[in-house]
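Topology and contacts: notes
In case you want the letters, here they are:
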Amino acid sequence: MKRPSRKTFVILTLLFVAGATWTCSACSAGYILRAGYEEAKILARREPIRDIIAAPATPPEVRRRLELVLTARDFAEHSLGLDAGDSYTTYSRVDRDTLALILSGARRDRFSAVTWWFPIVGSVPYKGYFDMDDALEAQRELEDDGFDTFLRPTAAFSTLGWFNDPLLSTVLRYGDVSIVSTVIHELTHNSLYLPGQAGFNESFANFVGDRGAVALFCGMDGPASERCARTTDEWADNLAFAAFLNGLVAELTTLYQREDIDAAQKLALREPIFERARLRFRDDVLPPMRTDRFRGFERLPMNNATLMARRLYYDRLDRFEAVFERLGRDLPRAIEAIIEAAEAHPDDPWLGLERLASG
């Protein structure tokens, strides 16, 4: 599937600023130093994208993709009104296929995420690791403590405009549609990031990134173009998957809230729900989908941690879409209105979104 496996956008800002993260009680000194070292390498390797494009030795396909990155960046800033700053004007090479590994944890008998607190970004339901052994050890510790877990790769991150975020080589391997939605998604975090509201932040950026890709390609290539059709189909599949996932979470929430059974009974009863969900997805949700981005979902691990991690990017996408439709399918206007509504309710941005969507 898309966000968790190939494009998970984790806010790692303070993990990469060693001077600030010494105040982070959730992190060991070794963890902070490793994170700072990895970010220092990324920053030290930055090269201006325009210089790479102009270099005669640059392969034509690399040049084309870098030009697309700048096109997406300019579109995000000038057409969508996002705060681009100097992000995505430089390029950094990463020595491996995966930038980092992201760990999530959750209570097994309820939708209660394990969170880690960092300055500025607040509590987040994930933690990044650059070393596989460290990530696996942390995952085992959570499981030994009785939590569901989910460990997944990420290829990109945002520092919320604190640094000149470079385009990473891990992202340049994507196809055109993913490159554009990645750039716009990350720049959305520069424009709005509410501490302690990871689900809203990521779902909003998912909406803006994918809707922005539709607007760019359909405007640039024309409505009959292949890339316009691809972006439109991917967004439709996003909405379908979000509806399925939110329905499954609601069904499990009803189970977890029962007071007439104990935790062990809840764990036993959730397994048939998981199995029915896999079958429903395979038989009813997947066949009408227009792309292959969610194929194989029913074969992936299913537990509270995996569901919560995925839902971060798909929570109430229909409400963002409702605002878009209500405002005449004017994406810049919808983005501005959602940001204003969210900032007016920083402790519950979903309330502001719902009021905006309902008119």
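Going by the structure above, here's the rest.
The sections below set out a description of the structure shown in this document. (Residues numbered from 1 in each chain as written. Predicted model: local features only at pLDDT ≥ 70, side-chain atom pairs only at ≥ 80, totals over all residues. Heavy atoms only, no water.)

Some words on a negative patch on the surface
A cluster of acidic residues, D133, D134, E137, E141, E143, D144 and D145, forms a negative patch on the protein surface. Considering the arrangement of structural elements, one finds E141 in helix α6 (residues 132-144). What makes E141 partly exposed here is its relative accessible area of 46%. (Patch = residues over 30% accessible without salt bridge, like charges linked within 9 Å, V, L, I, M, F, W, Y side chains within 5 Å. Areas by Shrake-Rupley, 256 points an atom, 1.4 Å probe, with all protein chains shown as cover. Salt bridge = Lys/Arg side-chain N within 4 Å of Asp/Glu carboxyl O. Lys, Arg positive; Asp, Glu negative; His and termini not counted. Charge placed at Lys NZ, Arg CZ, Asp CG, Glu CD. Helix = DSSP H or I, 4+ residues; strand = E, 2+ residues; numbered from the N terminus. Buried < 20%, exposed > 50% of the residue type's maximum accessible area, 1.4 Å probe, protein only.)

Considering the pattern of salt bridges
Oppositely charged side chains may form a pair once their charged atoms are brought near each other. Per the counting criterion, the structure on display carries 27 salt bridges. One salt bridge connects R293 with D210, and the closest N-O pair in it is separated by 3.9 Å. Linking R293 in the loop between α11 (263-285) and α12 (304-311) with D210 in helix α9 (residues 198-220), this pair joins segments that are 83 residues apart in sequence. As far as burial versus exposure is concerned, R293 and D210 are alike and both buried. In this structure, D260 engages R258 in a salt bridge whose closest nitrogen and oxygen atoms are separated by 2.8 Å. A residue is classified by how much of its surface remains accessible, and D260, at 56% relative accessible area, is exposed. For R258, a relative accessible area of 33% puts it in the partly exposed group.

What to know about unusual backbone geometry
Excluding glycine, residues mostly carry a negative phi; peptide bonds, for their part, are mostly trans. The phi angle at Y88 is positive, at roughly 65 degrees, despite the residue not being glycine. Mapped onto the secondary structure, Y88 falls in the loop between α5 (60-79) and β3 (90-92). Overall, Y88 belongs to the buried group, its relative accessible area being 3%. In the Ramachandran plot, R316 falls in the positive-phi region, its phi being about 50 degrees despite a non-glycine side chain. Note that R316 resides in the loop between α12 and α13 (317-326).

Regarding the packing of helix α10 (residues 226-256) against α11
It is the contact of α10 with α11, at a shortest axis distance of 10 Å, that shows an interaxial angle of 160 degrees. In terms of orientation, α10 lies roughly antiparallel with respect to α11. The element α10 and its partner α11 pack so that their crossing is right-handed. Here A240, F241, F244, L248, E251, L252, L255 and Y256 of α10 lie close against α11, whose contacting residues are K266, L269, R270, I273, F274, R276, A277, R280, F281 and V285. (Axes fitted to C-alpha atoms, helices over the stretch in contact; angles between N-to-C directions. Parallel < 35°, antiparallel > 145°, perpendicular 65-115°, else oblique. Left-handed = near helix turned anticlockwise from the far one by under 90°. Contact = heavy atoms within 4.5 Å.)

Topic: α13
Given 3.6 residues per turn, any residue in an α-helix points the same way as the ones three and four places further on. Taken together, the buried positions of α13 are occupied by L317, R319, F320, E321, V323 and F324. Looking at the packing, one finds that the buried side of α13 touches α9, α10, α14 (331-344) and α15 (349-358). Phi for G328, located one or two positions after α13, is positive at around 70 degrees.

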